[in-house]
Amino acid sequence: MQDRKAGFDPSDKEGLSLLSDTPLVAETPEECLDDETTPVTRFFIRNNGLLPRPAEDAETWTFTLDGEVERPLRLTLAELKSRFPRKTFRMVLECGGNGRSFFEPEAEGNPWTHGGVGCAEWTGVALGDVLRAAGLKDTALFTGHFGADPDKQGSHGRQAMSRGMPVAKALEEHTLLVWAMNGEPLPFIHGGPLRLVVPGWPGSLSQKWLTRIWIRDREHDGPGMTGLSYRLPVRPLPPGSDGKGVETRILESMPVRSIVTAPADGSRYPEGTRSIAVRGAAWAGDDTIARVEVSLDGGATWQEAALAAPRNRYDWVRWHVLLPVPSDGYYEIFARATDSRGRAQPFRAVNWNPNGYGCNVMHRVAVTVGPEV
Ligand SMILES: Nc1nc2c(c(=O)[nH]1)N[C@H]1C(S)=C(S)[C@@H](COP(=O)(O)O)O[C@H]1N2
Ligand SMILES: [Mo]
């Protein structure tokens, strides 16, 4: 993360791995996600276009709500803050492509490992409160999101990305218009002054530098909504197929996933160590976590981790477990989360799809006890 871009200094970030320079995309190594609340310095970045011009005055940033509403609204950030009740939730934001690099053969797109995710405290107002103030018409079916960032070619006329969701998701209490992250004004690189946060669903719905929401009488068709974008084949495909002509559905809730945040992959313990403290996080899109288990023997035996209570819906679950180690040597730690509907993570990347969404293969961390063998 070398060059300084207008409004963003890469040295504000700590330990991220760069996946792409233009557009700027960077993920967080799993061991840097060991905090309960992900600090801004460690929060991943995903841009589909170039950066917009930073706002000179956040409070006068304007947001428009139009389309299938009784009373279209045009509000400054200051008006949004004063007219609607303030909400703060700690919630996971995860890229739809998180885990993509584990697909074989390689799928199209940024090669995320498990680090296209973070869990921050987001403050703003419920989008539902604003929609109710505008009055949804009976014809209101879907949202369409617009941001100030130009596309990859630098064209301000074209959206870098413009996704949308069914009105029911927009009306959820946790779907927020956000201006603060971890108690500070929303940083420019994360969409400041104003962004959407749509928890549990692909991060691409959480439009940054938000300028407009268009309420539509049909499914939105902006960049990121059509073709194979954020869509999964209805019937499983053989790995490597081009997906041409197959029936697809929009990716909604993200699948269950866990990461080991300590120890780091490649850690070494002193000779004679007989237990290892393992910690991590787990989350499950719209669903909740039922359990997390950890194995040191490739899944032959599992040990259940202790789960900390999430603060609110869509918060991640922090977990820990003390794993007995039978002898010195080389071990691989696997973590497997199961959601409340009984769906657990697979050992191998399954459900291959051309754009590589929804890969929730188990995270594996190698450790050595004693001298290298
Ligand atoms: N305006 C705008 N919003 C956007 C994007 C974008 O390119 N432009 N990328 C989306 C994607 S794909 C993700 S995963 C999240 C990432 O948010 P972050 O960069 O704050 O981590 O922002 C979403 N919102
Ligand atoms: Mo994303």
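Residues numbered from 1 in each chain as written. Chains lettered and ligands numbered in written order. Predicted model: local features only at pLDDT ≥ 70, side-chain atom pairs only at ≥ 80, totals over all residues. Heavy atoms only, no water.

**Re the nonpolar core**
Our working definition: Buried Ala, Val, Leu, Ile, Met, Phe, Trp, Tyr and Cys residues that are joined via side-chain atoms within 4.5 Å together make up what is termed a nonpolar core. A 1.4 Å probe rolled over the protein chains alone gives each residue an accessible area, and that area as a share of the maximum for its type sets the label: buried under 20%, exposed over 50%, partly exposed in between. Labels follow the DSSP assignment, with helices taken as runs of H or I lasting at least four residues and strands as runs of E lasting at least two, numbered in each case from the N terminus. When checking whether two residues touch, look at their non-hydrogen atoms; a contact exists if any pair is within 4.5 Å.
With 38 residues, the main nonpolar core has Phe63, Leu65, Leu80, Val130, Leu177 and Ile213 as its most contacted residues. Mapped onto this core, the elements with two or more residues apiece are strand S4 (62-67), strand S5 (73-76), helix H1 (77-83), helix H2 (127-134), helix H3 (167-170), strand S9 (176-181) and strand S12 (210-216). The element that contributes the greatest number of residues to this core is H2, accounting for 4 residues. Ignoring sequence-local partners within four residues, the contact set of Phe63 consists of Leu73, Arg74, Leu75, Leu80, Val130, Leu177, Leu194, Leu210, Thr211, Arg212 and Ile213.

**Topic: the site of ligand 1**
Going by this rule: To be near a molecule or strand, a residue needs just one of its heavy atoms within 4 Å of it. Throughout this description, a polar contact denotes any pair of N or O atoms lying within 3.5 Å of each other; where both atoms belong to protein, one of them has to be capable of donating a hydrogen while the other can accept it, and for residues adjacent in sequence the pair is counted only when both atoms sit in side chains. Here the open area of atoms and residues is found with the Shrake-Rupley method and a 1.4 Å probe, where only the protein chains shown may cover a residue.
Near ligand 1, the surroundings consist of 19 residues, among which Phe44, Asn48, Asp149, His190 and Lys208 are the closest. Within the backbone of Ser206, an N or O atom sits 3.0 Å from a nitrogen atom of ligand 1. Here ligand 1 has 540 Å² of accessible area as a free molecule, and 100% of this is covered by the chains.

**A short note on the packing of aromatic side chains**
Any two aromatic rings considered together are summarised by their centre-to-centre distance and by the angle between their planes. Going by this rule: Aromatic rings from Phe, Tyr and Trp, with only the six-membered ring used for Trp, were paired whenever their centres fell within 6.5 Å, and each pair was classed as stacked if the ring planes differed by under 30 degrees, edge-to-face if by over 60, and tilted otherwise.
Within the structure shown, the criterion is met by 9 aromatic pairs. Relative to Trp214, the ring of Phe146 lies with its centre 6.4 Å away and its plane at 40 degrees, an arrangement referred to as tilted. One end of the pair, Phe146, is in strand S8 (residues 142-147); the other, Trp214, is in strand S12, with 68 residues separating them in the sequence. For Phe146, a relative accessible area of 14% translates into the label buried. With a centroid separation of 5.0 Å and 25 degrees between ring planes, the pair formed by Tyr230 and Tyr357 is classed as stacked.

**Quick word on the pattern of salt bridges**
Opposite charge on two side chains lets them pair, provided their charged atoms get close. The following threshold applies: We count a salt bridge whenever a side-chain nitrogen from Lys or Arg sits within 4 Å of a carboxyl oxygen from Asp or Glu.
If you walk through the whole model with that rule in mind, you get 26 salt bridges. A salt bridge links Asp315 to Arg90; the shortest N-O distance between them is 2.8 Å. Separated by 225 residues along the polypeptide, Asp315 in the loop between strand S20 (306-307) and strand S21 (317-324) and Arg90 in strand S6 (residues 86-94) bring together distant segments of the chain. Arg90 sits in the buried class, given a relative accessible area of 3%.

**Quick look at the environment of Ser253**
Secondary-structure assignment places Ser253 in the loop between strand S14 (248-250) and strand S15 (257-262). Residue class for Ser253 comes out partly exposed when judged on its relative accessible area of 30%. Along the sequence, Ser253 and Val25 sit 228 residues apart, while their C-alpha atoms lie 22 Å from each other. Excluding residues within four positions of it along the chain, Ser253 makes contact with Gly200, Trp201, Ala284, Gly285 and Asp286.

**Some words on the sheet that holds strand S17 (residues 275-283)**
Convention followed: Any two strands with at least two DSSP bridges between them are considered paired.
Pairing is antiparallel across the open sheet formed by 4 strands, whose spatial order is S15-S17-S21-S20. Each of the sheet's edge strands pairs with one partner strand only, and the pair in question is S15 and S20. Looking at chain direction, S17 and S21 are connected through 8 bridges and run antiparallel. Following the sheet pairing, Ala282 is matched in S21 by Val317.

**What to know about the side chain of Arg100**
Cut-off, in case you're wondering: Positive charges come from Lys and Arg alone, negative charges from Asp and Glu alone, with His and the N- and C-terminal ends not counted.
Its place among the elements puts Arg100 in the loop between S6 and strand S7 (117-126). Within the buried set, Arg100 has no salt-bridge partner at all; the shortest N-O distance to an opposite charge, 8.7 Å, is to Glu108. Here Glu108 takes part through its backbone oxygen, which lies 3.2 Å from a polar atom of the side chain of Arg100. In this view, Arg100 contacts Ala107, Glu108, Gly109, Asn110, Trp112, Thr113, Asn355, Gly356, Tyr357 and Cys359; residues no more than four positions away in its chain are not counted.

**Observations regarding the sheet that holds S4**
Just so we agree on the cut-off: Convention adopted: a line fitted to C-alpha atoms gives each axis, helices being fitted over their contacting stretch, and angles between N-to-C directions are expressed from 0 to 180 degrees.
Taken in spatial order, the 4 strands line up as S5-S4-S12-S8 in an open sheet, and their pairing is mixed. Where the open sheet ends on each side, the last strands, each with one partner, are S5 and S8. When strand polarity is set aside, the average angle formed by the axes of neighbouring strands in this sheet is 15 degrees. With 4 bridges joining them, S4 and S5 adopt antiparallel strand pairing. By the bridge assignment, Leu65 is partnered in S5 with Leu73.

**Digging into the confidence of the model for the protein**
In plain terms, the rule: pLDDT: the predictor's confidence for each residue, scored from 0 to 100.
Residue-level pLDDT values for the protein average 96, and 98% of them are 70 or greater. Per-element mean pLDDT across the protein ranges from 94 in S14 up to 99 in strand S11 (residues 195-197).

**Some details on unusual backbone geometry**
Note that the residue after Gly192, namely Pro193, is joined by a cis bond; omega there is 10 degrees. Take Pro193: it is sitting in the loop between strand S10 (184-185) and S11. Here the bond from Ala262 into Pro263 is cis, since omega is 0 degrees, no more than 30 degrees from zero. With respect to the helices, strands and loops of the structure, Pro263 is situated in the loop between S15 and strand S16 (267-269). A positive phi angle is found at Asn182, which is not glycine, with a value near 50 degrees. Its location among the elements puts Asn182 in the loop between S9 and S10. Here the phi dihedral of Asn351 falls at roughly 55 degrees; this positive angle occurs in a residue that is not glycine. Looking at the element boundaries, Asn351 is found in the loop between strand S22 (329-339) and strand S23 (363-369).

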